[in-house]
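# Secondary and tertiary structure notes
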2 protein chains.
Amino acid sequence: MASKHVYFFGEGKADGNAGMKNLLGGKGANLAEMTSMGIPVPPGFTLTTGVCTYFYEHTRRYPRELKDQVAKALRRVERIMGKKFGDENDPLLFSVRSGARQSMPGMMETVLNIGLTTRTVKGIAARTGNERFAYDAYRRLMQMYSDVVMEKAAGIEPGEGRGIRIQLEHELARLKKKRGCRDDTELTVDDLKTLVDAYRKRIRKVLGKSFPDDPVRQLWGAIGAVFQSWNGRRAIAYRKIEGIPGDWGTAVNVQTMVFGNMGDKCATGVAFTRNPATGENTFYGEWLVNAQGEDVVAGIRTPNPLNRKGKTALTRHLLSLEEMMPKLYSQLVRIRNRLEKHYRDMQDVEFTIENGRLWMLQTRTGKRNGAAAVRMAAEMAAQKLIDARTAVSRVKPSQLDELLHPMVDLKAQRTACEIARGLPAGPGGASGQIVLTAEAAEESGKKGREVVLVRDETSPEDVAGMHAAQAILTAKGGMTSHAALVARGWGKCCIVGCGALDIDVKKGTVHAGSKTYRAGDWITLNGTLGRVYEGRLPLVPASPEKNRWYKQIMSYADKIRRLKVRTNADSPRDARIARKFGAQGIGLCRTEHMFFGEDRINAMREMILAETLKGRKKALAKLFPLQKKDFSGIFKAMDGLPVTIRLLDPPLHEFVPKEKKEQQAVAAATGKSLAHIREVVARLHELNPMLGHRGCRLGITYPEVYEMQVRAIIDAACVAKRRKVKVMPEIMIPLAGKRKELAILVQMARSVCEEVIKKTGVRVKYLVGTMIEIPRAALTADQIASVAEFFSFGTNDLTQMTLGFSRDDAGSFLPEYLQQGIYPADPFQTVDVEGVGQLMEMGIAKGRKARANLKVGICGEHGGDPDSVIFCHRIGMDYVSCSPFRVPVARLAAAHAVLEESQ
Amino acid sequence: MASKHVYFFGEGKADGNAGMKNLLGGKGANLAEMTSMGIPVPPGFTLTTGVCTYFYEHTRRYPRELKDQVAKALRRVERIMGKKFGDENDPLLFSVRSGARQSMPGMMETVLNIGLTTRTVKGIAARTGNERFAYDAYRRLMQMYSDVVMEKAAGIEPGEGRGIRIQLEHELARLKKKRGCRDDTELTVDDLKTLVDAYRKRIRKVLGKSFPDDPVRQLWGAIGAVFQSWNGRRAIAYRKIEGIPGDWGTAVNVQTMVFGNMGDKCATGVAFTRNPATGENTFYGEWLVNAQGEDVVAGIRTPNPLNRKGKTALTRHLLSLEEMMPKLYSQLVRIRNRLEKHYRDMQDVEFTIENGRLWMLQTRTGKRNGAAAVRMAAEMAAQKLIDARTAVSRVKPSQLDELLHPMVDLKAQRTACEIARGLPAGPGGASGQIVLTAEAAEESGKKGREVVLVRDETSPEDVAGMHAAQAILTAKGGMTSHAALVARGWGKCCIVGCGALDIDVKKGTVHAGSKTYRAGDWITLNGTLGRVYEGRLPLVPASPEKNRWYKQIMSYADKIRRLKVRTNADSPRDARIARKFGAQGIGLCRTEHMFFGEDRINAMREMILAETLKGRKKALAKLFPLQKKDFSGIFKAMDGLPVTIRLLDPPLHEFVPKEKKEQQAVAAATGKSLAHIREVVARLHELNPMLGHRGCRLGITYPEVYEMQVRAIIDAACVAKRRKVKVMPEIMIPLAGKRKELAILVQMARSVCEEVIKKTGVRVKYLVGTMIEIPRAALTADQIASVAEFFSFGTNDLTQMTLGFSRDDAGSFLPEYLQQGIYPADPFQTVDVEGVGQLMEMGIAKGRKARANLKVGICGEHGGDPDSVIFCHRIGMDYVSCSPFRVPVARLAAAHAVLEESQ
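Residues numbered from 1 in each chain as written. Chains lettered and ligands numbered in written order. Predicted model: local features only at pLDDT ≥ 70, side-chain atom pairs only at ≥ 80, totals over all residues. Heavy atoms only, no water.

## Section: the overall build of chain A
- For chain A, the helix and strand inventory stands at 35 helices and 34 strands.
- Relative to its length of 903 residues, chain A is compact, with a C-alpha radius of gyration of 32 Å against a globular reference of 29 Å.
- Dimensions of chain A along its principal axes, counting C-alpha atoms only, are 105 × 65 × 50 Å.
- Every one of the 903 residues in chain A was classed for burial, and the buried ones make up 59%.
- Restricting to contacts in chain A with at least 6 residues of sequence separation, those with at least 24 account for 68%.
- When the accessible surface of chain A is summed, it comes to about 36,600 Å², and 49% of that surface belongs to carbon and sulfur atoms. (Helix = DSSP H or I, 4+ residues; strand = E, 2+ residues; numbered from the N terminus. Rg over C-alpha atoms; globule rule 2.2 N^0.38 Å. Buried < 20%, exposed > 50% of the residue type's maximum accessible area, 1.4 Å probe, protein only. Contact = heavy atoms within 4.5 Å. Areas by Shrake-Rupley, 256 points an atom, 1.4 Å probe, with all protein chains shown as cover.)

Here you go:
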């Protein structure tokens, strides 16, 4: 049996359906589905993603059967439309569009108006009675086709004039200048005919071939160009960011052209069944009269609002579709209602009105920012459109991040200098230095600088730079413009359509009113309100607890998940924030930061500089009451929840200054000679401090330090318990690698604890455990567990040692490794499941074998990474611990882990 | 049934035998064995090592049954000897000695003359008719007992006078001064009686208790002191060096005293059934007339040679036992012959002649240096006393090391200034700076300085310092003195009894004739000849190939072993040396050292400093012919054997200087600006270079470097093959951690190889493999093996990453870790089997699962460590690779691995 490569849809009948996204791509599958639902869709057919895969596996050739299947589908469309492809009197025209399994907006090619030739253009002109429209469509085809098919897909290097697209644009500009027109619409039919001839000559000259005058050649050229564009530079870059596999391939949709630009009874628009920026349950969209779809998305004309409700201060003077074409608007609303009920999710649709007739060109699940995702999910669940589990699955853990993003401080904002206003395309606040090109944004991003990318409009070429910037600000475009779509997907702060800005890339300036800003100047964006301010305003943390939809979704998630979520917090303040975010304990309280306080650093240094045990003990005695106070505060903040406190971890040299000037200050403060200080610094210097004298190695060589810390912890716990605070201290010994090493320290800790408990007469329950961060510890976890009551995986260090990557130094090769796909993701961000993950699994299995009730968690930064949280759930951890702001993300990811499990 | 704690021996009957060493200790088991053989042994009994273990597990108490069993055995001895313990007329006296499973000479306590009291001393005096002897024995008991039992074992801290031993010595010295005597023997009976009284008072005053006047109390005091001494400081230190477990415990031997110091018909001696320094099959020993055994070992009097053959230039004026007491000597020779035939190994015996009657006090397998071990094993095998496998097992791999030790260059020696001559106690040559205390030797050793420890004599307290020194030189003592015994055990260069030396520790000087040397001055020892030279003479490598016994043993070993032994060599010269030592290929040829040559370093730096690929390629083109030449030389040297060449491994910053002055020179040589060079150095700087941009990460980021190296390897191989050299190149990619990373580089290497092979028309067979030195590589070895044809474990780095120990920095805590027994051995010396070893086993198992014929070796320094070699054999490696001088050690260890396997 020959394979089916072509799927037809049209007039209520379709070969495919919405479930066939992998084969037909999202667009194709949904066109088929809508067709079957009886929604008006211009008929057409879809070439499957299988054809794409075949194409790349067979030196860019097609399956044998394809040609026939296309011809057959084409004839079926001709029958429905009652027109013929290439007919000189009443020709059928096609659009050819990509359509991957997952939407990749703007990343691949599209060719419209396929079928226009020197002969058929006359037929169209006659049939529509609109010669101007016909020739305008023809010159658009020539522009697109010569660029996409003849130059890019053919692999021709752009010549002197930097590519055919730009050269044809110059032709157009030249003609307009000659005729004294400002707008394309002012050109006459004759002008367009002249232009078409000029285009033809220029194409011939620049590309060395003629523009094809055969509709079928045009069609196959366009199909090939779309398949080629799957492996274009932009598409590859986008797939890398989004994590889309390269072997999925794209489908190609060949669909009857309908025109929104044939006159004033024509229109085109883009709409969302709910507001994608806020999640509000209102029909939201933009449209343009007498325009093609690309005009709305490109953001060249500021589009009209779809309905009255969608009007803003900036668009209130523009007529809505609701007002201009009330009947068609009603039809569209009905379709909107059907689609949302059918798909049970917010849809992003494209429509065109051709001479008063409504056609749906696309429906797909709409992108939304985090706030909108949360609200929609919560409200759809309340509407019973979806159940709680589905609602939870609708919010990507990473999307929550943006609800937790900082906002511009309102107080500071009131007195700040407002530069301009635009459309609030991505919520949250952000500050950065102005950069005017995507390349500059990318460069600065690599250097860790915070920048705001300021552009007239953005295009798919800018994606990497947009990703690197803290925020995006455009002078043009609407809420469905490229910049808005992309920023929304990432949850990035973004303002678009900020018309007051006058940007001069060459001069590196941005004018706004009477003021001029330069590249490098700081600005601040309030993406929630769409306002731009001068300078660097303070940002304040978000307050998700005031968002009722967020609370609803999180309460669903908490009911679903089994994995507990703790936080990494070193101060009562952080502990309180984390608790507010739902932390169920502290998984990592680092004690070293406590030593850097002004009142402590000198005692710490005195301890390090002491030459005798007695001297060290004297210094430690000064630190003891301060440490005890630290722990008291944290115990109080976490009343009723466990608190894991890690004993001193970093190497001692981190506490003594390397610079002579500071050393002199230390000499003055401690009464030690500069020479002695320099000698100690030299002695403490290490070639590879990561693998040096730190962690519990300090506990072995200077037991008095750990002894003081344990005493402070338990003493504080006893006092707290006496004051009715429910304390659950967990003493964590870092960097253990061998049972005996840990056994010595556990015994020490226990004997100090028992002594304090006996002395105070308060029996506090406590655990003594260790971090698993050295490969050896994971390998011998059974032995380690024989003396440890809990494990906490320190995946930062474990990754460093297992992969042999110094996190501080990997910058010189890791980008190349990610570029070449050697590691699928940054292993310091997402657990390297195959290597580090293997050790984690082994460590848990061996540990639990030796101690069945071993408590296991993670406190590396991976504890806040959604993919890693899901992995931690899968391997049976009891909890993850992450920074306070990541706690909700981890809670949601933990719920996703359960949902994935049941799939 | 009550346990048997006491084993009797005497008059031809014994409860134990030589096979019961674990229970009775070496001494006790052999006393039983000799007794059963009918050899004259003073009767006695042994308290088992089980009693020792019980003692430490039960807060230093004894098993209930012990008292009765001792009493019973004691009565049996009394019956045989016809004397009673504590009898006022004819008392039986006992010695109480330690005796562990493995000999720990001088590390534990001994108490002699137990049973002498104010009453029995008179009985002895009357019975022997030698009052002087009786009181001398009594004061010796008091000295020993008060020190060992009353002070040390009781845990009394030495007071002002630094301990009872020294205080009693002062009493003796005072008395001698008062009497004007130089020697103890000049003291009269009355003097001794006075001394005994003075001792009694002093003991009472210093220790606060009376010297016990009850024989049974004395006996139990002595037994307890010996058990206590098992956990004395010295014993623990010795066990650590020798790797003896702390829970073995010691037995205690209670044996009838016989006296070598009752007059001129008495004597005592120590002998070896073969010469322990050379291995020669001649009876070899030393003795003293009218002396106790301790006098021979202590080295206070230079002892007489045992026989004519044993006389040296230094001892030829002394009478031998053979000459003085020919009949007893003949009896001793007969015993010697019986013992060696019985034990089939060289024995170290102690004997005492009491009034013309010979008693054997001990036999044990004698320590020997490497050369002697090799010769004895080879000759005993030739004699058919033992088989080849036993012969091989008789030579510890580490002992071979000393045959391979350098010797003093003979030419230099001829014109050198000889300082003094002594006894050649440890062969080989060594140079070092003079140090006069063990502490100074230890200190210097830690700093990596080479020192020679120069002492009058050494004692067990000096062990750590002796270990740290390159060589040991003593002014006193014979071939069985402490220094000689210890040095022999370690195969260390040592000269003893060098009487010409006059050492003043306080002034830090050594006089020899008219010359004076100071601490810090360089001297050189020829331990094989017993000569000491001024200054630092050149040393030459050993030539074991001229030693026929060595060749015999190695040929046995090679027949037994299955593991291949390769070498780590970076030059044709090293390759040739290693081949001479039996290397079966090169397991690691590092290419980076090649870049440091004067003709190359500038091209290398030019490459690093180049800002473009073109610039790097230009510099690499200069390096290519030089690299090719390097490889040609190595291929020629290893004709017929495989050569594994590792591609560039160290980080690039190792090739550019950090100092401004040198940077200026580089600027001049390369034509780059100093600023650029400093910028590059700053950019290349890493916080943790061990985990940084090195190894195959360079291959990924600068593929052109590896490409040049691979081209040079294969080009050289093709040329060599054309010249009839049998080449077997193995290209090794270092530091791989992930399959894809390696796959990219393997593919690159293969395509370069195939290109060169095609171009030259010479089909060279080659392998491409990798090092396993990152934990992740071992964990995912199945994946790695899918693209690698061989694995070579880089256990240096693997240990660093698996344990999280930076080798360069571990010095600040690793000694403490070894001290506390956290790691049983330095993991950089001996594979940490539990952790690193687990990864190695896993790596091999997974690797072979993916590729059945995967070749596996090791090229870390562990490849030359005997224990690690045995482990490598056990986990199924194909070969180990080590430095040229360790190759014979590894060959022998590989044979031992097979022997252990069959046990």
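## Remarks on the side chain of threonine 802 of chain A
- In this fold, threonine 802 of chain A is placed in helix H31 (residues 795-803).
- Reaching out from threonine 802 of chain A, the side chain makes a polar contact with the backbone oxygen of leucine 798 of chain A at a distance of 2.6 Å.
- Not counting the four nearest positions on each side in its chain, threonine 802 of chain A is found in contact with Pro775, Gly835, Val836 and Leu839 of chain A together with Ile774, Pro775, Arg776 and Leu779 of chain B. (Polar contact = N/O pair within 3.5 Å; in protein donor to acceptor, adjacent residues only side chain to side chain.)

## Section: the relation of the copies chain B and chain A
- For these two chains of identical sequence, chain B goes onto chain A by a turn of 179 degrees and a shift of 0.1 Å along the axis, with RMSD 0.4 Å. Overall, the copies show the geometry of a two-fold rotation axis. Distance from the rotation axis, computed per C-alpha, reaches its smallest value in chain B at asparagine 688 of chain B: 2.0 Å.
- Both copies contact each other with a shared surface, as 98% of the interface residues of chain B are interface residues in chain A too. (Least-squares fit on C-alpha atoms with pLDDT ≥ 70 in both.)

## Structural notes on unusual backbone geometry
All names here are of chain A.
- Here the phi dihedral of arginine 60 falls at roughly 60 degrees; this positive angle occurs in a residue that is not glycine.
- With respect to the helices, strands and loops of the structure, arginine 60 is situated in the loop between helix H2 (49-57) and helix H3 (66-81).
- By relative accessible area, arginine 60 is classed as partly exposed at 43%.

## Describing the pattern of salt bridges
Residue and element names in this part refer to chain A.
- Applying the stated criterion across every chain yields a total of 110 salt bridges over all chains.
- Notably, a salt bridge pairs arginine 600 with aspartate 630, separated by 2.6 Å at the nearest N-O pair. In this pair, arginine 600 is assigned in helix H22 (residues 598-609) and aspartate 630 in helix H23 (residues 613-637), connecting sequence segments 30 residues apart. The two residues arginine 600 and aspartate 630 agree in class, both being buried. (Salt bridge = Lys/Arg side-chain N within 4 Å of Asp/Glu carboxyl O.)

## Digging into the interface of chain B and chain A
- Of the residues lining the interface, 48 residues belong to chain B; the matching set on chain A comes to 48 residues.
- Between chain B and chain A lies a buried interface of about 4,300 Å² when both sides are counted; carbon and sulfur atoms form 54% of it.
- Here chain B is connected to chain A by four salt bridges.
- We note a salt bridge from arginine 776 of chain B to glutamate 834 of chain A, for which the minimum N-O separation is 2.9 Å.
- Inspection of the chain B/chain A interface yields 32 residue pairs in polar contact (both at pLDDT 80 or more).
- At the level of secondary structure, the elements contributing two or more residues to the side of chain B that touches chain A comprise helix H26 (696-701), helix H28 (739-760), helix H29 (775-779), helix H31 (795-803), helix H32 (814-819) and helix H33 (833-850) of chain B.
- With six residues, H33 of chain B is the largest single contributor of residues to the side of chain B that touches chain A. (Buried area = accessible area lost by both parts, 1.4 Å probe.)

## Focus: the sheet that holds strand E31 (residues 767-772) of chain A
Residues and elements named next belong to chain A.
- Overall, parallel pairing links the eight strands, which are arranged E27-E28-E29-E30-E31-E32-E33-E34 in a closed barrel. Direction aside, the axes of adjacent strands within the sheet are offset by 25 degrees on average.
- Strand direction decides the pairing type here: strand E27 (residues 564-568) and strand E34 (residues 879-882), joined by four bridges, are parallel. Residue pairing for E34: lysine 564 is matched across the bridge by tyrosine 879.
- The sheet strands contacting helix H33 (residues 833-850) are strand E32 (790-793) and strand E33 (855-858), and the helix crosses E32 at an angle near 180 degrees.
- Along the sheet face, helix H35 (residues 887-901) touches E27 and E34 and points at about 160 degrees away from the line of E27. (Pairing = 2+ DSSP bridges. Axes fitted to C-alpha atoms, helices over the stretch in contact; angles between N-to-C directions.)

## Let's talk about the packing of helix H22 (residues 598-609) of chain B against helix H24 (residues 660-670) of chain B
Residue and element names in this part refer to chain B.
- Relative orientation of the contacting elements H22 and H24 amounts to 90 degrees, with a least axis distance of 10 Å. Between H22 and H24, the angle falls in the class roughly perpendicular. Contacts from Asn602, Arg605, Glu606 and Leu609 of H22 reach H24 at Val666, Ala669 and Thr670.
- Among the residues making up the contact of H22 with H24, the classes are represented as three nonpolar, two polar and two charged. (Parallel < 35°, antiparallel > 145°, perpendicular 65-115°, else oblique. Nonpolar A, V, L, I, M, F, W, Y, C, P; charged D, E, K, R; others polar.)

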